[in-house]
Structure formats: structure tokens, C-alpha cells
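# An overview of the molecular structure
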Amino acid sequence: MSFDIQNLEIVKLNKLESASYFIVWIGAIFYSIYQVHLTDHYFTDYHDTYEDFRPGWSWIGRKMDISDREWRSWIPFMYQLIPWIVLHLIVGQLIKRFFFKCSLILSSWYIASSIIFLWYYVGFMGVLLALIQPCVDRLLISFGSKILAWIVHLAIISIIYYEKTYGFVFENWLGIEEEKYYMLTIALCWIQLRSISSCLDCIAHDEEPKTLAGFMRSFLKTTAYCLYLPTLFLGPVILYKDFLEGIEKPPELWTPKRISIFFLNLFRFIFWLFFTEFSMHFLYFNALQFFPEVVKVLEPWAFFGMGYCMGQYFLNKYVVIYGIWSSVTRLDDIEAPPNPKCIGRIHLYSDMWKHFDRGLYKFLLRYIYIPSLGIESGARKLFASFLCFSFVFLWHGMELFIFIWSFLNFFGLAIEYFATAIGNSAKYRELTMNNLSAKNIRRLHCIFASPLLAMSAMSNFYFFAGAEIGHLYFRRVLFTDSWTTILLLLFSLYCCCQVSLDLKRIEKQKETRTKKL
């Protein structure tokens, strides 16, 4: 039987073995989550100086952990944005119905709807601040240099990061409250990402207009893309080419079936929103992150369960946010990236980056990885990956915990790349094929992948909770916890690897059946 290390999911284990792995992995997840729930006694008589909790739903009778700033800010903001999005969609639909194939009118409305909301939310000066980037973008397109474009865009990202973290010039200048300034800085980061996409695409296709009318058409489209209201503040990343395709193709009118699909998807993500808030009444892992002295002495199941909860919560947050706004953009005829896949069924670094934030993955692939690759070789692949993670570090914020997270992800991908190269080498194939069955090769792969999965998870803890908590996980795994604890952890992760391969196989079978139909 011939297969490479990337296609081990084609090897099917017997049903009893696969079921055993699934039961062990799911059992480990639920038991560890239960152990995290038992840590709530640390907050029984907690003096809530920083307002980490608020009274929960009355029928539950427990307080709710609201210590995560993103959830505490983003969800109320989304509620505030709803009427504006409804207006945006309805007027956009009317334009598509009565001004068929007039993308300029549609682009003008997209710009107007965003400017009206920004004016209402952060005032006139906030509007000017948001318009600076599309204007700079347009100027850079006229120069036609990708190198210059990257230099200027990276400099702007650095300025946004510095102002957001260390300076308060813009906040004082704008004269707005802290929460609104926080949301505006998030919007500026997203605008910058879209500015890079539109700028590089226009330069690549030599779209510098020769006439004033051509300039205005191009400027309207790039500005509409940069300020597109449904993705202005919270994403996801939609590439410029996909946005253009959405506004220029013949519109799909709102049929009862299409509206029904939209609301079904919307209700699905609203369910996950309320499910996440429900869980925050019983699991206080977000608040625990601020008490490393407590985390340090948690018993192993609670300690590693806290790590899983941080990852699952992070996933739920983006499933809700990206899911809702992706549903809106699809109703607006603009195709958004698919939603993140559950972290509990992914065991490879490459798959995590490919399937979590798929819009960002497409952005990195199109504008950094492929252009940097040139003549394909192992060294060039690693160099292109290094550039991608350097950009990730810069865009997410140049802080120590972001650097560690980015570096460990690059390091993990490098290990995975070398392991794949070894696994596909002639000597390794000959050695394994002659001495092991296909099923045992798959089991061996999962044994090797388990420590890498552990490192993948712990590297993300730096991103979720900061450097101090991230250091705690590495110290305990490498130096403190007993061998029996580490072996139990690795066995649980081994089961996760097996479940991941089984689910990949099922997905491929579904794709094959769909193609045949």
C-alpha cells in the first residue's frame, strides 16, 4: 500500500479501536472541564476589584465571568450595530434591484453607510482617521511598487500598534471614551489588512487608471472594500478579489429560501453565543488567568482542562463573531471564508492555521507565502513561513507573548515540515513498509504527533493568557509534573490524533460523494 505521511487518514482502523479513541478523548475533555468547574471555589468570596464578574442569568443563580475584554466589548457592540447592518443590507438590495450592474453606486452606498455609522459612533475626527488608510492605499497604487507598498503598510501597522499600546494621542485628540477608542483601533487594524489586499492586487494587475473617471471608479471600489461595514470592526478577512467579484457579479435576489438559510445560520451562531455565555456561569477560567499563583498549584486535570477551555472558548468566540458577519456578507452576495473548525478535532499545526482563521490564512498565502516562495525548495518554504509569522507577530501586536506564540508556531511548523519530509523519504518508506502494517504506521504517526500537539496547544496559551501563564504550562510539562501525568496527557493527545485522522477521512469521503453527484 502506498501513501504519504499527509494522507494517513485513508488508513481505516477497526470500529472498536476508533470508538475507543473517541470515547477516551471525549471523556478526557469532559472530565477536565468538570475539574475546571470545581475551581470556582477560588471566587466564592472574591473581592471583585476589576469587575471580572457580573450577576448571571436569574434562573441560574450564579455570577458570570466577564473578565475577557474582547467578549465583554464585542458582543454589546454587535447588538449596537444591528440596526445599521439592516439598513446597509436593505438599501444595498434595492440598489442591486434597480441599478443592475452598477457596482459604483453600490460602492458609494457601502462607503456612505460606513461613514454615517463611524460619524455617529466616534465622531467626525474618527471618520477622518478611518479614511486616511484608503487614501494612502490609493496613493501607493499610483506608485506601482509592491516593495514601497509593504514598507508603508508595515510602518502604519507599527504606528497603530504603538498608539494603541503606549500612546494616547489619538484618544485625546478624538475626545471619545475608552471603549469606543478600543473598537476604533480594532477597525483600523482590519482596515489596514484590507488596504494591503486591495493595494497589492491593484498593483499586480496594473490597475492604475489613466483618466480622472477611471481613478474615481477605482478609488470608490477600494475604499468601499476597506470600509465595508459588516467586516469593518470584527472581520473576517475577505480578499479584495472576492469583494470585487461579489459587487460586480449579477446579484442574487432575496428569495424565501435564501432568507430562510440566512436566518437558520444566524440562529445557529446565536445559539453558540448563548451557549458560551451559559458556560461562563460555571467555568471561570478567564478570571483564573489573572491569578498565576492559583493556576500554578491546580491539580493536573484542572490545569490541563483550563488550557483546553481557553482554546475552546477562543474558538467559540470566533465561530460566533465570524459566523454572524460571514452570514451577513453572503446575504450581501460577497463570499466569506468558511468558519473555523473545532480545535478538538485538529492535531497538526498546518491544519490549525489552515482551518481556524481561513481568511487570514488565504491572505498570508496570497500576499506573503507564494510571492516569497519563488523556486520551490525546503529552505524557501521555511523562509516564506518565517515571513508569514513575522507579519502575524507585527499585525497582532509586538509584545513578548505574541512573539513567543508566533515563534513557537513557526518552530512547530518547521518540525512538522521536516517530519513530513522524513516520512516521505525513500528510506523511511522502505523501513516502515517492510516492518509495519499500514495501521501500525498510522499509530506510529500519532505517537510522534502527540508531543507536537502538546507544544501546539501550549504555544497558543501564550496568545490566550499571556507570557506568565504560558511559561507555567511549559514549566509543569517539562520539569514539574510526574511522568505518569505526562504519559496520561500524551495518551489523551494520542487519542485526539486518531480522532482527527478519522474525521479527516470521513470528510474526504463526503467530498468524494459530493463530487460524484
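Details of the structure are given in the entry above.
These numbers were taken from a predicted model, which means no experiment stands behind them.

The next point concerns the overall build of the protein. Each helix and strand in the protein was counted, giving 21 helices and 2 strands. Here the protein has a C-alpha radius of gyration of 24 Å; the compact-globule value for 517 residues is 24 Å, and the two agree. Dimensions of the protein, computed from the C-alpha atoms along their principal axes, are close to 70 × 60 × 50 Å. Put simply, the protein has 517 residues, and 53% of those count as buried. A separation threshold of at least 6 residues defines the contact pool for the protein, and within that pool the share at least 24 residues apart is 77%.

With 15 residues, helix α7 (residues 212-226) should cover 21 Å at 1.5 Å per step; its first-to-last C-alpha distance of 21 Å lies within 8% of that length. Among the residues making up α7, those that are buried are G214, S218, L220, K221, T222, T223, A224, Y225 and C226. Buried residues along α7 sit in contact with α3 (103-143), α6 (178-204), α8 (229-232) and α9 (240-248).

Right, let's talk about the state of the cysteines for a bit. All chains considered together, the criterion is met by 0 disulfides. Among the cysteines around C496, which has no disulfide bond, C497 carries the closest sulfur, lying 5.7 Å off. Using a relative accessible area of 2% as the deciding quantity, one classes C496 as buried. With no disulfide partner, C497 has as its closest neighbouring cysteine sulfur the one in C446, 5.1 Å distant.

Before going further, it helps to examine unusual backbone geometry. Cis geometry is found at the peptide bond from G235 to P236, where omega equals 5°. Take P236: it is sitting in the loop between α8 and α9. One non-glycine residue, E51, adopts positive backbone phi at about 55°. Overall, the relative accessible area of 58% leaves E51 in the exposed class.

Cut-offs used in this document
Along each chain, the written sequence defines residue order, and numbers are assigned to residues from 1. Given that this is a predicted model, residues contribute local features only at a pLDDT of at least 70 and side-chain atom pairs are listed and counted only at 80 or more, while totals for whole chains, interfaces and linings are drawn from all residues. Values reported for side chains reflect all heavy atoms of the structure, with hydrogen atoms and water molecules removed beforehand. In this text, helices come from DSSP runs of H or I with a minimum length of four residues, and strands from runs of E with a minimum of two, each type numbered from the N-terminal end. Throughout, radius of gyration means the C-alpha value; the globule benchmark is 2.2 Å times the number of residues raised to the power 0.38. Exposed residues in this analysis have more than 50% of their type's maximum accessible area, buried residues have under 20%, and partly exposed residues fall in between, with area computed by a 1.4 Å probe over protein chains only. Should any heavy atoms of two residues lie within 4.5 Å, those residues are counted as being in contact. A helix is expected to span 1.5 Å for every residue after the first. Count a disulfide wherever a pair of cysteine sulfur atoms falls within 2.5 Å.

Limitation: the analysis is restricted to geometry and does not speak to function.
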